[in-house]
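# What the coordinates show
Here is what each chain is made of, one letter per residue.
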Amino acid sequence: MEITLILFISVIVISLFCEFIDASIGMGYGTSLTPILLIMGFGPLQVVSAVLLGQMVGGFLGGISHYRFKNVKLDSFKSDDAKVIFILAGFGIIGALIAVFFAVNIPSIYLKTYIGLMVFCIGIYIIIRRNNEDKTSWSKLIFIAILGAFNKGSSGGGYGPLVTGGQLISGRNSKNSVGVTTIAETVICIVAFIGYLFTSTIFWKLAFATSIGSIVAGPLAAFTVSKVNEKNLKIVIGIITCILGILTLLKTYIF
């Protein structure tokens, strides 16, 4: 479909809002923007590639901004945040490969039910244990990295809520979890978008619109996270994670 100036501007604004939410709490960009663009009349392949590019550039700038505002610490490859990024990206590749080979055989309704229930339970767990300070569990992070990438590769969603929420229940604080998820998901988007470059035609006008909105939102979100109280941010993440889990289940069985 043709994209008019009004439609182009509308996509920029919507993308800006979705990326601001995503880079602020570590989830929600693809989950929100993809169905909105489909409703607006764009084709699935046009939407997926545009969302990937938007999240890629927005996540890249958002990740840099999270570092500048000290939401993540990457001064050394030995820092905890650097280790978590390597775990999420490295083991995420394993999860994505598993998804390619096995997810096609899993009925969609079962997959969506599993993601919805898991995301909801993680949200509840975060809220219940919001005042607890647990020691970081590296084994949990490896499991979460594989599972999150499996979700992304098999259903296109379920990465942010699981990986951000999973870091929290593994003992990480909320600001670091949001920043690290933003950076790790950017790596996944880069790989996926390169794949689309070689396998399909990119609708560049739509992709540019999502990218412009995301570029503006990334730094703003990182600044917001740097100013938010740690415990308040954890509560917000927990509540929104629960809501996303419930919406996934409602969409699966009702809508």
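Quick summary incoming for the structure in this document.

What counts and what doesn't
- Residues numbered from 1 in each chain as written.
- Predicted model: local features only at pLDDT ≥ 70, side-chain atom pairs only at ≥ 80, totals over all residues.
- Heavy atoms only, no water.
- Helix = DSSP H or I, 4+ residues; strand = E, 2+ residues; numbered from the N terminus.
- Rg over C-alpha atoms; globule rule 2.2 N^0.38 Å.
- Axes fitted to C-alpha atoms, helices over the stretch in contact; angles between N-to-C directions.
- Parallel < 35°, antiparallel > 145°, perpendicular 65-115°, else oblique.
- Contact = heavy atoms within 4.5 Å.
- Nonpolar A, V, L, I, M, F, W, Y, C, P; charged D, E, K, R; others polar.
- Core = buried A, V, L, I, M, F, W, Y, C linked by side-chain atoms within 4.5 Å.
- Buried < 20%, exposed > 50% of the residue type's maximum accessible area, 1.4 Å probe, protein only.
- Salt bridge = Lys/Arg side-chain N within 4 Å of Asp/Glu carboxyl O.
- Phe/Tyr/Trp six-rings, centres within 6.5 Å; stacked < 30°, edge-to-face > 60°.
- Expected span 1.5 Å × (residues − 1).
- Left-handed = near helix turned anticlockwise from the far one by under 90°.

Attention now goes to the overall build of the chain. From N to C terminus, the chain includes 10 helices and 0 strands. Mapped from its N terminus to its C terminus, the chain presents α and β elements in the order α-α-α-α-α-α-α-α-α-α. Its C-alpha radius of gyration of 17 Å places the chain within 12% of the 18 Å reference for a compact globule of 255 residues. For the chain, the C-alpha atoms occupy an extent of roughly 50 × 40 × 30 Å along the three principal directions.

In this section: the packing of helix α1 (residues 5–25) against helix α8 (residues 174–199). Interhelical geometry of α1 versus α8 gives an angle of 120° and a closest axis separation of 6 Å. Compared by their axis directions, α1 and α8 come out oblique. Residues Asp22, Ala23, Ser24 and Ile25 of α1 form the contact with α8, whose participating residues are Val178, Thr182 and Glu185. The class makeup of the residues in the contact of α1 with α8 is 3 nonpolar, 2 polar and 2 charged.

Below, the discussion takes up the nonpolar core. Counting residues in hydrophobic clusters, the biggest one holds 22 residues, and the most contacted among them are Val11, Leu33, Leu37, Phe42, Val51, Phe193 and Leu206. If you list the elements that add at least two residues to this core, you get α1, α2 (29–39), α3 (44–68), α8 and α9 (204–227). Here this core takes 6 residues from α3, the largest share from any one element. Beyond its immediate sequence surroundings of up to four residues, Leu33 is in contact with Ile14, Ser15, Cys18, Gly28, Val51 and Thr210. Counting residues in each nonpolar core, the second largest holds 15 residues, with Ile126, Ile169, Leu233 and Leu244 among its members.

Here we take up the pattern of salt bridges. If charged atoms from side chains of opposite charge come close, those side chains can pair. Counting across every chain of the model gives 1 salt bridge. Of the charged contacts, one joins Arg172 and Asp81 as a salt bridge, the two residues approaching to 2.7 Å between their closest N and O atoms. Remark: Asp81 occurs in helix α4 (residues 80–102) and Arg172 occurs in the loop between α7 (159–169) and α8; sequence separation between them is 91 residues.

All right, on to the packing of aromatic side chains then. Tallied over the full model, the rule gives 4 aromatic pairs. Between the aromatic rings of Phe69 and Phe223, the centroid separation amounts to 5.5 Å while the plane-to-plane angle is 65°, which identifies the pairing as edge-to-face. Placement of Phe69 in the loop between α3 and α4 and of Phe223 in helix α9 is noted, with a sequence separation of 154 residues between them. Judged by relative accessible area, which is 41%, Phe223 ranks as partly exposed. Ring geometry for Phe193 versus Trp204: centroids 6.1 Å apart, planes at 75°, classification edge-to-face. A residue pair is termed long-range when its members are at least 10 positions apart, and Phe193 in helix α8 and Trp204 in helix α9 qualify at 11 residues. You can call Trp204 partly exposed: its relative accessible area is 37%. A network of ring pairs unites the aromatic residues Phe193, Trp204 and Phe208 as a single cluster.

In this model α1 runs 31 Å from its N-terminal to its C-terminal C-alpha over 21 residues, within 8% of the 30 Å that 1.5 Å per residue would give. Summarising the contacts, the buried residues of α1 are in contact with α2, α3, α7, α8, α9 and α10 (230–253). Trailing α1 by a residue or two, Gly26 shows a phi angle of about 80°, which is positive.

Let's shift gears to the environment of Tyr125. Secondary-structure assignment places Tyr125 in helix α5 (residues 108–128). Overall, Tyr125 belongs to the partly exposed group, its relative accessible area being 34%. Separated by 12 residues in sequence, Tyr125 and Thr113 have C-alpha atoms that sit 18 Å apart.

Okay, the environment of Phe60 next. Here Phe60 shows up in helix α3. Between the alpha carbons of Phe60 and Glu19 there is a distance of 12 Å; along the sequence they are 41 residues apart. Residue contacts for Phe60: discarding those within four places in its chain leaves Gln55 and Thr186.

On to the packing of α7 against α8. Taken N-terminus to C-terminus, the directions of α7 and α8 make an angle of 140°; their axes are 9 Å apart at the nearest point. With respect to each other, α7 and α8 are oriented oblique. For the crossing formed where α7 meets α8, the hand is right-handed. Of the residues in α8, those touching α7 at Tyr159, Gly160, Val163, Thr164, Gln167 and Leu168 are Ser174, Asn176, Ser177, Val178, Val180, Thr181, Ala184, Glu185 and Ile188.

Turning our attention to the environment of Leu244. Of note, Leu244 is situated in helix α10. C-alpha separation for the pair Leu244 and Ser32, spaced 212 residues apart in sequence, amounts to 10.0 Å. When sequence neighbours within four positions are dropped, the list of residues in contact with Leu244 reads Met27, Thr31, Val119 and Pro161.

None of this, on its own, says anything about what the molecule does.
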